[in-house]
Structure formats: C-alpha cells, structure tokens
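Spelled out, the chains give:
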Amino acid sequence: MTHLSIPDPEVAAHTGSGPAGSRRVLTGVLRQPAAVVGLLFLLVVAGAAIFADWLAPYAPTEKDFDHPLSGPSSLHWLGTDDVGQDTLSRLIYGARIALLVAFGSVGIAMAIGVPFGLLLGYRGGWRDRLGSRLIDVSDALPGILLGFAVIAVLGRGLFNLMLAIGLIFCMGFARTTRAVALAERQKLYVDAAKVAGLRTPAILFRQVLPNLAGALIVQGSVFLASAIMVESALSFLGIGLESETPTWGAMLSNAAANTQQPFLALPPGLAIVFTVLAFNIVGVGIGDALTGTGRGLSRRGRKRRRPTPQAPRPAAPVVSESRAVLEFRDVTVAVEGRKRPTPLVQDVSLAIGRAEVVALLGESGSGKSMLARSALGLLPAGVELASGSVWFEGKRIDDLDHRGMRKIRGAGMAVVLQDPMSALSPVHTIGRQIGEPLRAHAGLTGKAARERAVELLDRVGVEDARRRLNDYPHQFSGGMAQRVAIAMALAAGPRLLIADEATSALDVTTQSQVLDLLLELRDDLDMAILLITHDLGVVAESCDRAAVMYAGELVEVNDVTSLFDKPRHPYTAALLAANPTSEADVVRLPTIPGRVPPAGEWPVGCHFAGRCAYARTECTERAVPLVHDVRCARADELTLEVTSR
Ligand SMILES: Nc1ncnc2c1ncn2[C@@H]1O[C@H](COP(=O)(O)OP(=O)(O)OP(=O)(O)O)[C@@H](O)[C@H]1O
C-alpha cells in the first residue's frame, strides 16, 4: 500500500495548529514557487468542478452523432468520443467527480484510521500490538484488490467507491496517528490533562489530536492524489462509476477502446497527471513549511538556581495521620523485571496534613517522582504499586478505577511539573486549557468559564489576564507559563498540590516569585503542598516538614528546623553538608563519596551503608526499619554535625 514520507510528526505536530500556526504554514507554502503553481492549478480544478454547469459548453452526456471521434475543432475544442460526447465538457464535469471521490474517500479513511491509530498509540499494550499487526497485514495487501473486493460485495456507486478507496488508505492514517500518539502520550501536558481529571476521549480528541493536524494535512494531501489515481484505475477497469458518469478514468478507458482517435487519451491523461502532481507538490510544500517553522520551537534552556542559605522556618507540629490529606502506607513501587519486579520505592509511609507544606528530598533517582506518581495514579507503563496503599482524605485511592481516580485528580489533587512549556499543550490557547478542568469539575462553560479563568490568572499574577486568555503557551515567559500551569492546577480547587521540581526550570528571581505564590495560595486556599525538590534553600524557606529519600527508602522525616539543625541520619547530614551556604568557608563543596546503588542492586541492610562514615557490621546484616522517623541502626548513639568532611 501507499508509503509516505511525511515531516517529523514532532515538528509537524506543534507548528500547524491554531490560527497563528495555520498562517505561518500558509506563508511558508506561498514562499515556495512550485507549491504556489501546484496550488493555483488545484484552484483551477476546483473552480472547474464547482462551476462546471456554467463552464462546460455541453451537458456531459449530450451526444453529437454527426461528429463522433472528432479531433479538436471550433465546435468541440477538445474533440468528441465515440458517441459524440464533448471531451472538454466531460473533462470539466470529471473534475467534480475526481475531487468528490478524492475528498470523500480521504475523509472516510481519516474517520476510520485516525481514531484507531489514536487509541492504539495512546493505550499501548496488547491493543497496540494487535492493531499494529493489522496495519502491517493491510500494508501487505495490494490496495486495488481491496477496492475490487469492496465494490464486488457492495456494488458500484459513488459512496461505495469512496468507501473502497477510504478502506485502502485508512491504515496509512492509523499508522501515522499511532506514531504521534505514542510520542505524545509521554508528554507532560497529557499527564497534566489526566491530573486535571479529563476523560480519555477528551484527552485523545481535544489534547492529543490537535497535535496531529500538521502531519495529517500533509498525509491527507498526498492521499488525495493517490485517491484520484485509484479512482481513475477502477473506472478505467470498468468497476468504478457507471460508464455514463463523466470520470477521467472512464474517459481514458474509452480512449483505449478507440485508438483510431489518439487525441482522445490526451485531455484525461494530462488532467490526471497534473492533478496528482499538484496534490503531491502542495503536500510536500506544506511538509516543508511545517518543518521550516518548526525549527524555532526548541525548548528554552534551563537554568538551575544556586542554593541560597535561608533561615529555617519555625518548627511546625508533625501531622497526625488522622488529619492527613494524603497518606502513603508502606508503599512499594516496582518495575516489571525479567524474573521478578524490581523495587524503585520501598516501604514508604508518609502523611501530609491539611495546608501543610512537605518537602521530598533526595538525590536523583531516589524515587521521589515515582512515589508522587503513585498517588496520582500516573506510574509509567511497566511500573506499578507492588504493595502498600495510598489514602486521600481518609479514603483509599490506589485501588480506584479510572472513573474514581478522575474525581480525585484535579478537584482533590493537582500537580505542577518542572517544565511549564511541556506541561501546557502547545496547540491550544491558555484560556481553553484552563477551561478544560473548569468544564470537567465545575461544569462551567462559555462566559462563566472565561470569567473564572480570568480570576485564576489574576490570582496567580498574570497581568492583563483577559487579553492573555487568547495567547498560546509559547507567548509566555517560563515564569509566566509556570503561573499559567499553576492557575490550571488550581482551577478545580484542589486540597493538595504536588509540585514536582516546579521551580527548577526557572531563574532565581522567578523561582522565588513562584515559590512565594505557592505559599500564598497555601495560606489562602488551605491547600497542602508536596514539594519535590533538590533545593535545600527552597525547603528551608518554604516547608514545614521534610522527608528525605535515599535509594527508594525514606531515611528521615522531620520538621524543617530540626532536620537542618540536628539531622539524625548520616545521609541527611551529608546532604546538608553538600549544600553551599554563605557561611561555609570552603574552597570546594564536600561531596558524598561513592554512588547511589541503582534499583535492583540495593544491599540487604541499610541502603546508605556503603557510603556511610558511621557504618558498622550491624548496618549491613539486616534491613533497617524506620523508627521514630529515622532509618538508622545507630540513630540513638550518633550526634551528627553538618560540616564538610
Ligand atoms: N519509566 C520508568 N521505567 C522504569 N524505571 C524508571 C522509569 N522512570 C524512572 N525509573 C527509575 O525509577 C527510579 C526512581 O526514579 P524517580 O524519577 O522517581 O527519581 P527521582 O528521585 O524523582 O529523581 P529526579 O530527582 O532526578 O527526578 C530510578 O532508578 C529511575 O531510573
């Protein structure tokens, strides 16, 4: 079947949608002379098809028995066929059939292929494997035979012809759509949409599908050309439309039967060749325009904030679990392995109280994000909650189905992720994006949703909020985009906000503004925050308590003042010592020797023992439990100081 070279869906995806994107693509196409010629030719064909009744000198079936098989003359500019029908008139009416069949069949192919591909790519798993095999099998079938079979079963006729051609091409659309959906489902904006509580069809058709617009337009225009060829071939073989109907393929067939007038083949032959060529050239032109405009879309560089010393906040009482908004109970998260699952997070128990700000600290790979994702029900494919449970406001939520989880996400728990540019959909205005959770959870639509979106944007400090509702994410700076993402997260009034490195991608000043905003919101809305960060300055500045993770385990939980002043686990002390402070009179920052053991290679005893200056034999012999919020066999006897070694 037809194989196509289409532009990189990543690029095509994010450039051709929305009014601004369409204008850019159109300008890009108009800069290419070949594409302009192709476009003009297609306009002429379209004009002929639309105005055939006025343009054609004769009716398409009107017969001039006095001049059969005549060459070009003043009476018949392009001659006549064997029964004296005017070639020019049939050519003009033939354009109408050609375009009707082409657009109709491509429309049918899209209607079948696009949802199918979306579902395969988005769902993955066995459905994807089965569907992909089906696409491969259909690739191996000669398309024209499939067309034959469909017409043989359903009979001739305009719709059946369109359906036959549509079925030939639908798997091509499914293949492209699947590829893009596979890539898009990994994107943060899809996670954000899930967390906002959107249903799968809404995510698929309103979030993921617009990203396909560019790729589908290019593929569609090339398939239009192929559809015209298939229609001509079927009509030529006599199984297209009834022979009376003026089609270019039937005209060619008539010419083949009347070789004594060789000119007869020229007009329909050239019409087919040039129309097919024009569709292809315009398709390639759109592809080039998408690729060209795509270059400017690289993500902005990330700056990391240098840690700044902060005075720890006064101690806050440790939350009692009965008041917990979110509670992890003995949570183990594991990834499927060849022989058995490998834990990524092990036996974590942690409760976050109402309006409490809790930091989750630890080196990269310690399992912070996996733990947070287990609460949101957003673990990646192949990773699962192997044991333990997650509770939200006293209700167990890890065993909820999609429907139950949708009610919790957005309205109960919301999330703000690291890179606002990838957490917001690039193809929708922010007004529309904030409107989605408002529609899903508060039932607000139209003007009411718009007014609420303006209020939310005002609340998070986006100036000129009403006007900015019509802007796209790329029109915002990183800090402003993060404010928009926060506004989206707040739309349904969550009681817990999970901020997964929400300020890490911002510059120092913006970082502190966004942090201040989160804390203000906590105070105003009585909202708890789980702050995942590497930044000890941020923790000291903004958190009530901190939980420190190391190699999948919680090693210490304490209020921030105590944790900073008197760490009880050697890893916490080492982590604090590795944090630069203005008082630190050191030329080089101390580092923790060795490396974090990767998942699957955790030792039997204390996971930190291999790097710990205080480790004894007892630390390596058996698992160390978390006792009084610290996981250290020697916690009672050690007095740790935060100093460079
Ligand atoms: N999709 C995945 N499939 C399997 N393992 C994964 C996947 N994503 C992450 N991991 C592994 O899970 C472990 C914990 O990763 P996680 O992202 O939770 O760490 P983190 O503490 O949040 O790190 P960072 O601070 O860098 O975000 C790591 O060993 C990581 O390699």
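Criteria and thresholds
- Residues numbered from 1 in each chain as written.
- Predicted model: local features only at pLDDT ≥ 70, side-chain atom pairs only at ≥ 80, totals over all residues.
- Heavy atoms only, no water.
- Helix = DSSP H or I, 4+ residues; strand = E, 2+ residues; numbered from the N terminus.
- Buried < 20%, exposed > 50% of the residue type's maximum accessible area, 1.4 Å probe, protein only.
- Contact = heavy atoms within 4.5 Å.
- Areas by Shrake-Rupley, 256 points an atom, 1.4 Å probe, with all protein chains shown as cover.
- Pairing = 2+ DSSP bridges.
- Near = heavy atom within 4 Å.
- Polar contact = N/O pair within 3.5 Å; in protein donor to acceptor, adjacent residues only side chain to side chain.
- Nonpolar A, V, L, I, M, F, W, Y, C, P; charged D, E, K, R; others polar.
- UniProt positions renumbered as here; feature names shortened; annotations may be inferred.
- Patch = residues over 30% accessible without salt bridge, like charges linked within 9 Å, V, L, I, M, F, W, Y side chains within 5 Å.
- Salt bridge = Lys/Arg side-chain N within 4 Å of Asp/Glu carboxyl O.
- Phe/Tyr/Trp six-rings, centres within 6.5 Å; stacked < 30°, edge-to-face > 60°.
- Lys NZ or Arg CZ within 6 Å of the ring centre and 35° of its normal.
- Axes fitted to C-alpha atoms, helices over the stretch in contact; angles between N-to-C directions.
- Parallel < 35°, antiparallel > 145°, perpendicular 65-115°, else oblique.
- Left-handed = near helix turned anticlockwise from the far one by under 90°.

1. Remarks on the overall build of the protein
And step 1. Counting its secondary structure elements, the protein contains 25 helices and ten strands.
And step 2. When burial is assessed residue by residue, the protein has 53% of its 645 residues classed as buried.
And step 3. Sequence-distant contacts, at least 24 apart, represent 72% of the contacts inside the protein between residues at least 6 apart.
And step 4. Of the accessible surface of the protein, which amounts to about 28700 Å², a share of 57% is contributed by carbon and sulfur atoms.

2. Overview of unusual backbone geometry
And step 1. At Ala-355, a residue that is not glycine, the phi angle is positive and equals roughly 60°.
And step 2. With respect to the helices and strands, Ala-355 occurs in the loop between β2 (342–353) and β3 (357–361).
And step 3. On the basis of relative accessibility, which here comes to 15%, the residue Ala-355 falls in the buried class.
And step 4. Of note in this structure, Asp-629 is not a glycine but carries a positive phi near 65°.
And step 5. Mapped onto the elements, Asp-629 comes out in the segment after α25 (617–621).

3. Some points on the pairing of strand β1 (residues 324–335)
Residues in a regular strand project their side chains so that they alternate between the two faces of the sheet.
And step 1. With nine of twelve residues buried, β1 lies mostly within the body of the structure.
And step 2. Relative to β2, β1 runs antiparallel, the two being bridged by eight bridges. Each bridged residue has a counterpart across the sheet, and for Phe-328 the counterpart in β2 is Leu-350.
And step 3. Here β1 folds back onto β2 in antiparallel fashion, the turn holding six residues.

4. Topic: the site of the ligand
And step 1. Among the 14 residues in the neighbourhood of the ligand, the closest are listed as Ser-364, Gly-365, Lys-368, Ser-369 and His-534.
And step 2. In the model, an oxygen atom of the ligand is placed 3.1 Å from a nitrogen or oxygen of the Ser-366 main chain.
And step 3. Interatomic distance of 3.0 Å between a backbone N/O atom of Gly-367 and an oxygen atom of the ligand.
And step 4. Relative to its unbound accessible surface of 640 Å², the ligand loses 65% to contact with the protein.
And step 5. No other element matches helix α14 (residues 368–376), which puts three residues into the shell around the ligand.
And step 6. Class assignment for the residues of the shell around the ligand results in five nonpolar, six polar and three charged.

5. Notes on the UniProt feature "transmembrane region" (unreviewed entry) in the protein
And step 1. This chain's UniProt record puts "transmembrane region" (unreviewed entry) on residues 33–56, 97–122, 158–177, 208–230 and 270–297.
And step 2. Along residues 97–122 the backbone is 100% helical and 0% strand, and the end-to-end C-alpha distance reaches 37 Å.
And step 3. Counting secondary structure, residues 208–230 comes out at 83% helix and 0% strand; the distance between its end C-alpha atoms is 31 Å.

6. Quick notes on the environment of Leu-515
And step 1. Assignment of secondary structure puts Leu-515 in helix α21 (residues 508–525).
And step 2. Owing to a relative accessible area of 3%, Leu-515 belongs among the buried residues under this scheme.
And step 3. Separated by 23 residues in the primary sequence, Leu-515 and Val-538 place their C-alpha atoms 8.0 Å from one another.
And step 4. Excluding residues that lie within four positions of it along the chain, Leu-515 makes contacts with Thr-503, Val-538, Glu-541 and Ser-542.

7. Looking at a nonpolar patch on the surface
And step 1. Residues Leu-266, Leu-270, Val-273, Phe-274, Leu-277 and Ile-281 make up a contiguous nonpolar surface patch of roughly 500 Å² in combined accessible area.
And step 2. Turning to its location among the elements, Phe-274 is positioned in helix α13 (residues 266–294).

8. A short note on the side chain of Ser-366
And step 1. Summarising the element assignment, Ser-366 is placed in the loop between β3 and α14.
And step 2. Judged by its relative accessible area of 2%, Ser-366 is buried.
And step 3. Reaching out from Ser-366, the side chain makes a polar contact with the backbone oxygen of Glu-363 at a distance of 2.7 Å.
And step 4. Residues contacting Ser-366, with those up to four places away along its chain left out, are Leu-344, Met-549, Tyr-550, Ala-551 and Gly-552.

9. As for the pattern of salt bridges
And step 1. On inspection of all chains with the given rule, the structure shows 24 salt bridges.
And step 2. With its nearest N and O atoms 3.6 Å apart, the salt bridge here joins Asp-526 to Arg-354. Highlighted residues: Asp-526 in the loop between α21 and β8 (528–532) and Arg-354 in the loop between β2 and β3, separated in sequence by 172 residues.
And step 3. Taking the relative accessible area as the measure of exposure, Asp-526 reaches 37% and is therefore partly exposed.
And step 4. In this structure Arg-354 comes out as partly exposed when scored by relative accessible area, which is 46%.
And step 5. The closest approach of N and O atoms between Asp-399 and Arg-396, which form a salt bridge, is 4.0 Å.
And step 6. A residue is classified by how much of its surface remains accessible, and Asp-399, at 52% relative accessible area, is exposed.

10. Side note on the packing of aromatic side chains
And step 1. For the coordinates displayed, the defined rule picks out eight aromatic pairs.
And step 2. Summarising the aromatic geometry, the rings of Phe-51 and Trp-54 are spaced 6.0 Å apart at their centres and angled 55° between planes, so their arrangement reads as tilted.
And step 3. On the accessibility criterion, Phe-51 (43% relative accessible area) is partly exposed.
And step 4. Using a relative accessible area of 68% as the deciding quantity, one classes Trp-54 as exposed.
And step 5. The cationic tip of Arg-329 hangs over the ring face of Trp-391; the distance from NZ or CZ to the ring centre is 4.0 Å.
And step 6. Residue placement shows Arg-468 over the ring face of Phe-476; its charged tip is 4.0 Å from the ring centre.

11. Re the packing of helix α5 (residues 87–123) against helix α6 (residues 125–140)
And step 1. Two numbers describe how α5 lies on α6: the axes approach to 7 Å, and their chain directions differ by 135°. Taken together, the axes of α5 and α6 are oblique relative to one another. Where α5 crosses over α6, the handedness of that crossing is left-handed. Residues Phe-116, Leu-120, Gly-121 and Arg-123 of α5 touch α6, and the partners they reach there are Gly-125, Arg-127, Asp-128, Gly-131, Ser-132, Leu-134 and Ile-135.
And step 2. Of the residues contributing to the contact of α5 with α6, the split by class is four nonpolar, four polar and three charged.

12. Quick look at the sheet that holds strand β5 (residues 395–396)
And step 1. With antiparallel pairing, four strands are arranged side by side in an open sheet as β2-β1-β4-β5. Of all the strands in the sheet, just β2 and β5 have a single pairing partner and so form its edges.
And step 2. Here strand β4 (residues 383–392) pairs with β5 via two bridges, running antiparallel. Paired with Phe-392 across the two strands is Lys-395, which belongs to β5.
And step 3. Against the sheet, α14 makes contact with β1, β2 and β4, and its axis sits at roughly 115° relative to β1, the strand it touches most.

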